[in-house]
Amino acid sequence: MNRRSLIATLSALPLLGLARTATAQGTFRFESIDGGSYDMADWRGRPVLVVNTASLCGYTPQYDELQTLHEEYGPRGLVVLAVPSDDFRQELASDEAVAEFCEVNFNLTLPMTTITSVRGSGAHPFYRWLRDTYGFEPGWNFNKVLLDGTGQMVQTFGSNTRPTSRRIRAEVEALIGA
């Protein structure tokens, strides 16, 4: 099914009474790696790129491009949220180690959660919602999920899609009205 057909099908679901009413930006909270938490309701009206990350993965250099997106599009509304996960056994042993690794190696300033499960029965409620509502579950580290300002999923991107790729930039720019 192509993207246009999928969007048309998902758009018709409310008319059939089959769509779930929850949206990401009204329901979910993540614990921040720096203490406190991120409530996705605080990001209503803003697109959010959620990325499951891992410090010891071959895709870890993508942190540089995630930071670039954060710096370029953050002032225009985009939120880039990194969600470290050890579901693929490639994350450091503690939140403190992850925070230090990301600060020292990538000078990250984008929001980052504590180490969080993204797959299976123990997955964070946000990722269970993605699976149950859209049929999406990360297949590896650095899978990207783009949400619109209402908290609905717009697109997913696999590990191979670089954060600053034309595909992701085009989707983000369409959402922020660039």
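For the structure given in this document, a descriptive report is provided here. (Residues numbered from 1 in each chain as written. Predicted model: local features only at pLDDT ≥ 70, side-chain atom pairs only at ≥ 80, totals over all residues. Heavy atoms only, no water.)

**Description of the side chain of H124**
So the rule is basically this: In this text, helices come from DSSP runs of H or I with a minimum length of four residues, and strands from runs of E with a minimum of two, each type numbered from the N-terminal end. Distance and chemistry together define a polar contact, namely a pair of N or O atoms within 3.5 Å, with one atom able to donate a hydrogen and the other to accept it when in protein, and with adjacent residues in sequence counting only for side-chain atoms on both sides. In this description, contact between two residues means that some pair of their heavy atoms is separated by no more than 4.5 Å.
Of note, H124 is situated in the loop between α4 (95-106) and α5 (125-134). Of note is the side chain of H124, whose polar atom sits 2.9 Å from the backbone oxygen of R29. In this structure H124 touches F28, R29, F30, T116 and S117, once residues within four positions along its chain are discounted.

**Some points on the sheet that holds strand β5 (residues 144-147)**
Quick note on the threshold: DSSP calls a pair of strands paired once it identifies at least 2 bridges connecting them. With axes taken as lines fitted to C-alpha atoms, and helix axes fitted only over the stretch in contact, angles between N-to-C directions fall between 0 and 180 degrees.
Strand order across the open sheet formed by four strands is β4-β3-β5-β6, with mixed pairing between neighbours. Edge positions in the open sheet fall to β4 (79-84) and β6 (153-157), since each of these has one partner strand only. Strand-to-strand twist in this sheet, taken as the mean axis angle between neighbours without regard to direction, amounts to 20°. Across four bridges, the pairing between β5 and β6 is antiparallel. Paired with L147 across the strands is M153, a residue of β6.

**A few points about the pairing of β6**
So the rule is basically this: Three exposure classes are used, based on accessible area relative to the maximum for each residue type with a 1.4 Å probe and protein chains only: buried under 20%, partly exposed in between, and exposed over 50%.
Judged by how many residues are buried, β6 sits mostly within the fold: four of five residues are covered. Counted along the chain from β5 to the antiparallel partner β6, the turn is five residues long, and its residue G151 has a positive phi close to 90°.

**With respect to the environment of V118**
Note on placement: V118 falls in the loop between α4 and α5. Taking relative accessible area as the criterion, V118 reaches 0% and is therefore assigned buried. With 32 residues separating them in the primary sequence, V118 and D86 have C-alpha atoms 8.7 Å apart. Aside from chain neighbours lying at most four places away, what touches V118 is N52, V83, S85, D87, A123, Y127, E137 and P138.

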